[in-house]
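The chain contents come next:
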Amino acid sequence: MPESFRSKLTRWGFNLFPAFRGTGARITYLADDWREVRIELPLSWRTRNYVGTIFGGSMYGAADPVYMLMLIKNLGPEYVVWDKAASIRFRRPGRSRLYLRFTLEAAELDAIREALAEAPSVDRVYTIDLVDADGVVHATVEKTIYIARREAYGARASSSLGAPGARG
């Protein structure tokens, strides 16, 4: 799907957002429906660590917010979406530009909605590889995302002190 003018503006704004900009990564493509995002992470003075390879924090930071945002945009305001857990496995040093490609299929969105019809919340696990131009994997990030129906989330949050979003 081609980028629309609106998705280009969103991409540009996201790339200027200080927390993401600090990773050294750049979103190079954002589908208008938020179902595909592509990111590039160069080896540069901003991302280079002491031993001359891409800093692990830049690798993780490039992947961190994307699936959560994709789910927020695709599920809509009747759902609560939070990052719950994450891990990164470094497979080889990043000595060149790395690429990340995030996709969200319609079947996954349907599966989430179906699961939430039976349960008040679900955890979904997404995996993203950071690959070089030859497709060699340099790191793998695993993200666990918490998703709940907003009305179910609000009832639980207000009844349990310390829940995400609860005020006490």
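Coordinates for the structure precede this section.
So, here is what we can say about the structure in this document. (Residues numbered from 1 in each chain as written. Predicted model: local features only at pLDDT ≥ 70, side-chain atom pairs only at ≥ 80, totals over all residues. Heavy atoms only, no water.)

### A look at the pairing of strand 2 (residues 36–41)
Rule in force here: Between any two strands, at least two bridges found by DSSP are needed for them to pair. Note on conventions: DSSP H or I runs of at least 4 residues are helices, E runs of at least 2 residues are strands, and numbering of each starts at the N terminus.
The pairing of strand 1 (residues 26–30) with strand 2 spans 4 bridges and is antiparallel. Its bridge partner being in strand 2, Arg-26 is matched across the sheet by Glu-40. Between the antiparallel neighbours strand 1 and strand 2 lie 5 residues, among them Trp-34 with a positive phi of about 60 degrees. In terms of strand pairing, strand 2 meets strand 4 (residues 98–103) through 6 bridges, oriented antiparallel. Each bridged residue has a counterpart across the sheet, and for Arg-38 the counterpart in strand 4 is Arg-101.

### Side note on the packing of helix 4 (residues 66–75) against helix 5 (residues 106–118)
A pair of packed helices can be characterised by two numbers: the angle between their axes and the separation between those axes. Keep this limit in mind: Under this scheme, a helix contributes an axis fitted over its contacting stretch, all axes are lines through C-alpha atoms, and angles between N-to-C directions fall in the 0 to 180 degree range. Our angle categories are set so that under 35 degrees counts as roughly parallel, over 145 as roughly antiparallel, 65 to 115 as roughly perpendicular, and the remainder as oblique. We call two residues contacting when some pair of their heavy atoms lies within 4.5 Å. Here the term charged refers only to Asp, Glu, Lys and Arg, the term nonpolar to Ala, Val, Leu, Ile, Met, Phe, Trp, Tyr, Cys and Pro, and the term polar to all other amino acids, Gly among them.
As a packed pair, helix 4 and helix 5 sit with axes 11 Å apart at the nearest point and diverge in direction by 75 degrees. Looking at the two axes, helix 4 sits roughly perpendicular to helix 5. Facing Leu-71, Asn-74 and Leu-75 of helix 4, the residues of helix 5 in contact are Leu-109, Ile-112 and Arg-113. Tallied by class, residues from the contact of helix 4 with helix 5 come to 4 nonpolar, 1 polar and 1 charged.

### Digging into a nonpolar patch on the surface
We apply this condition: Patch construction takes residues with relative accessible area above 30% that form no salt bridge. Like charges are linked within 9 Å, and nonpolar side chains (Val, Leu, Ile, Met, Phe, Trp, Tyr) are linked within 5 Å. Shrake-Rupley sampling with a 1.4 Å probe provides the accessible areas, and residues are treated as covered by the protein chains on show and by no other component. Salt bridges are counted wherever a side-chain nitrogen of Lys or Arg sits within 4 Å of a carboxyl oxygen of Asp or Glu. Exposure classes here rest on a 1.4 Å probe applied to the protein chains alone. A residue is buried below 20% of its type maximum, exposed above 50%, and partly exposed in between.
On the surface, a nonpolar cluster with roughly 340 Å² of combined accessible area is contributed by Phe-5, Leu-9 and Trp-12. By secondary structure assignment, the location of Phe-5 is in helix 1 (residues 5–16). Exposure remark for Phe-5: the relative accessible area of 60% places this residue in the exposed category.

### Topic: the nonpolar core
Selection rule: We call a set of buried Ala, Val, Leu, Ile, Met, Phe, Trp, Tyr and Cys residues a nonpolar core when their side-chain atoms join them within 4.5 Å.
Counting residues in each nonpolar core, the largest one holds 36 residues, and the members touching the most others are Ile-39, Leu-71, Phe-102 and Ile-147. The leading source of residues in this core is helix 4, at 6 residues.

### With respect to the side chain of Ser-58
Here is the rule we go by: Here a polar contact is recorded for every N or O atom pair within 3.5 Å, except that within protein the pair must consist of a potential hydrogen donor and a potential acceptor, and residues adjacent in sequence are included only if both atoms are side-chain atoms.
Positionally, Ser-58 belongs in helix 3 (residues 56–63). A relative accessible area of 4% places Ser-58 in the buried class. A distance of 2.9 Å separates a polar atom in the side chain of Ser-58 from the backbone oxygen of Thr-23.

### Section: the packing of aromatic side chains
Selection criterion: Any two rings among Phe, Tyr and Trp, with Trp reduced to its six-membered ring, count as a pair given centres within 6.5 Å; such a pair is stacked if its planes are under 30 degrees apart, edge-to-face if over 60, and tilted if neither.
Throughout the structure, instances matching the rule amount to 3 aromatic pairs. Residues Phe-14 and Phe-20 carry aromatic rings whose centres are separated by 4.9 Å and whose planes lie at 55 degrees to one another, so their mutual orientation is tilted. Judged by its relative accessible area of 4%, Phe-20 is buried. When the ring of Tyr-67 is compared with that of Tyr-126, the centres are 4.6 Å apart and the planes differ by 20 degrees; the resulting orientation is stacked. Residue Tyr-67 is found in helix 4, and its partner Tyr-126 is found in strand 5 (residues 121–131); the two are separated by 59 residues along the sequence.

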